[in-house]
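# Analysis of the macromolecular model
Residue-level listing of the chains:
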Amino acid sequence: MDTRDPPAVAVVDAETPGNVGTIARAMKNFGFEDLLLVDPPELDPDGEAYGFAGHARDDILPNATELSFDDLVENYHTIGCTAVTNEDDEHHVRFPYSTPAELAERLPTVDAPTVLVFGRERVGLTNEELSRIDEICSIPASAEYPALNLGQAATITLYELRSLALADGDTQLPDKTRVRAPEPLLERLYDQWGDLLAELNHPEEKREKTMRMIRRVYGRADPTEGEVNTFLGLLRRATERPDLQESDERSDR
């Protein structure tokens, strides 16, 4: 991860305290810390902003900085988030644009303090505001209904940009490479498959190709140790052919 600070998050003229709290919570979820507020509503510690913020009520929300839009554009590399873009480069206010995923790849190269700017719940950022912003970000969505509410848009954007704020080991997810079954156990599984093919009289000239296919399937699946042991048990049982053993026992009676 780049050593620069993650982008700040700015909310311009939010209409409801609850949306500010929701954005603060999303910031906490994905490792962002610096919340900037332009013309915010009153954020009562006993009101819905703090109620919606979850654990962000302890740090992100009370530490938010209130500033003017002028201060925002003068001191940051600004990225305006909007659902509505222009169709082509005939109009530059809302074009060109980047998706959040594209920003995640490019922003580490921007050597300046950056801020993601979200607008109002109903109308977003105005054309006048966007004309003063450095670049545009837009979430790909259905052409029939691309508008997301403010909390949704911020959550999706911050999720896509989480690599700018969280290192690989900073999430609650386990390391997949550590839970993959060890190679010796997988080799035992392949040997057991080979024994089963022989027991089933699978055509000998096809066994090498079949084993290669089986190895590729498990190789893509990254099975866990528990999963491989379960398959081993099933394959051993199948190789022993309990159906034939029961038939032999009945014929001996």
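Everything in this summary refers to the structure shown in the same document. For every chain, the first residue of the written sequence is number 1, and numbering continues from 1 along that sequence. Since the coordinates come from a predicted model, pLDDT governs what is reported: local features require at least 70, and pairs of side-chain atoms require 80 or more to be given and counted, while whole-chain, interface and lining totals use all residues. Heavy atoms from the whole structure form the basis of all side-chain values; hydrogens and water molecules are not counted.

## Side note on the pairing of strand E5 (residues 114-118)
A large share of E5 lies buried, amounting to five of its five residues. Every second residue of E5 is oriented toward a common face, with Thr114, Leu116 and Phe118 on one face and Val115 and Val117 on the other, all of them buried. One ladder, built from four bridges, connects strand E1 (residues 8-12) with E5; its direction is parallel. For Ala10, the partnering residue across the bridge sits in E5 and is Val117. When DSSP finds at least two bridges between two strands, those strands are taken to pair. Working definition: helices are DSSP H or I runs of at least four residues, strands are E runs of at least two. Numbering for both runs from the N terminus. Where strand E4 (residues 77-81) meets E5, four bridges bridge the pair, whose relative direction is parallel. If you follow His77 over to E5, its bridge partner there is Thr114. Only protein chains enter the accessibility calculation, which uses a 1.4 Å probe; a residue is then buried when its area is under 20% of its type maximum, exposed when over 50%, and partly exposed in between.

## Quick notes on helix H9 (residues 204-221)
A helix is expected to reach a length of 1.5 Å times the quantity of its residues less one. For H9, spanning 18 residues, the distance from its first C-alpha to its last is 26 Å, which sits close to the expected 26 Å at 1.5 Å a residue. Looking only at H9, the buried set comprises Thr210, Met211, Ile214 and Tyr218. All buried residues of H9 fall inside an arc of 105° around its axis, so they share one side. The exposed set on the far side of H9, more than 90 degrees from its buried face, consists of Glu205, Glu208, Lys209 and Arg220. Note that the arc is defined by the directions from the helix axis to the C-beta atoms.

## So, the sheet that holds strand E2 (residues 35-38)
Consider a sheet: its strands pair through backbone hydrogen bonds, and that pairing is either parallel or antiparallel. As summarised here, the arrangement of the six strands in space is E3-E2-E1-E5-E4-E6, forming an open sheet in which the pairing is parallel. Each having just a single partner strand, strand E3 (65-66) and strand E6 (135-137) make up the two edges of the open sheet. Throughout, a residue-residue contact means that at least one pair of heavy atoms, one from each residue, lies within 4.5 Å. Only the stretch in contact is used when fitting a helix axis, every axis being a line fitted to C-alpha atoms; angles between N-to-C directions are given from 0 to 180 degrees. Packing of helix H1 (residues 17-30) onto the sheet brings it into contact with E1 and E2, and relative to E2 it is tilted by some 160°. The sheet strands contacting helix H6 (residues 150-160) are E1 and E5, and the helix crosses E5 at an angle near 150°.

## Considerations on unusual backbone geometry
Note: most peptide bonds trans; most residues except glycine with negative phi. One non-glycine residue with positive phi stands out, namely Asp39, at about 50°. Relative to the helices and strands, Asp39 is located in the loop between E2 and helix H2 (48-52). On the accessibility criterion, Asp39 (53% relative accessible area) is exposed. Positive phi values are uncommon outside glycine, yet Asn201 reaches one of about 55°. Tracing the backbone through its elements, the reader meets Asn201 in the loop between helix H8 (183-199) and H9.

## Observations regarding a positive patch on the surface
Residues enter a patch when their relative accessible area is above 30% and they make no salt bridge; the linking distance is 9 Å between like charges and 5 Å between nonpolar side chains (Val, Leu, Ile, Met, Phe, Trp, Tyr). In short, Shrake-Rupley with a 1.4 Å probe defines the accessible areas, and a residue's cover is counted only from the protein chains shown. Throughout this description, the term salt bridge denotes a Lys or Arg side-chain nitrogen within 4 Å of a carboxyl oxygen of Asp or Glu. Charge counting treats Lys and Arg as positive and Asp and Glu as negative, with His and both chain ends excluded. Each charge is placed at NZ for Lys, CZ for Arg, CG for Asp and CD for Glu. A contiguous patch of positive charge on the surface is contributed by Lys206, Lys209, Arg212 and Arg216. Given a relative accessible area of 40%, Arg212 falls into the partly exposed group.

## Some remarks on H1
An α-helix turns once per 3.6 residues; consequently, residues spaced three or four apart project the same way. Here H1 is 14 residues long and its end C-alpha atoms lie 21 Å apart, about the 20 Å a rise of 1.5 Å per residue gives. Taken together, the buried positions of H1 are Gly18, Asn19, Val20, Gly21, Ile23, Ala24, Ala26, Met27 and Phe30. Tucked inside the fold, the buried residues of H1 contact E1, E2, H2 and H6. Count one or two residues on from H1 and you reach Gly31, which has phi positive near 90°.

## So, the packing of aromatic side chains
Working definition: rings of Phe, Tyr and Trp (its six-membered ring) pair if their centres are within 6.5 Å, and the pair is stacked with planes under 30 degrees apart, edge-to-face with planes over 60 apart, and tilted otherwise. Under the definition given, this model contains three aromatic pairs. The interplanar angle of 55° and the centroid separation of 6.2 Å between the aromatic rings of Tyr190 and Tyr218 together place this pair among those described as tilted. Placement of the pair is Tyr190 in helix H8 and Tyr218 in helix H9, with a sequence separation of 28 residues. On the basis of an interplanar angle of 80° and a centroid distance of 5.6 Å, the ring pair of Tyr218 and Phe231 is categorised as edge-to-face.

## Comments concerning the nonpolar core
Among the nonpolar cores identified, the biggest contains 33 residues, and Val9, Met27, Leu35, Leu61 and Leu158 are the most heavily contacted of them. The element that contributes the greatest number of residues to this core is H1, accounting for six residues. Beyond its immediate stretch of four places on either side in the chain, Leu158 contacts Val9, Ile23, Ala26, Met27, Phe30, Phe32 and Leu116. Formed by 15 residues, the second largest nonpolar core is a distinct cluster that contains Leu36, Val38, Leu67 and Leu125. What we call a nonpolar core is a set of buried Ala, Val, Leu, Ile, Met, Phe, Trp, Tyr and Cys residues that are connected through their side-chain atoms within 4.5 Å.

## Section: the packing of H8 against H9
At their nearest, the axes of H8 and H9 sit 11 Å apart, and the two run at 145° to each other. Crossing angle aside, the handedness with which H8 passes H9 is right-handed. Across the interface between the two elements, Glu187, Leu189, Tyr190, Trp193, Gly194, Leu197 and Ala198 from H8 touch Arg207, Thr210, Met211, Ile214, Arg215, Tyr218 and Gly219 from H9. If you view the pair so one helix is near and one far, a crossing is left-handed when the near helix is turned anticlockwise from the far one by less than a right angle, and right-handed when it is turned clockwise.

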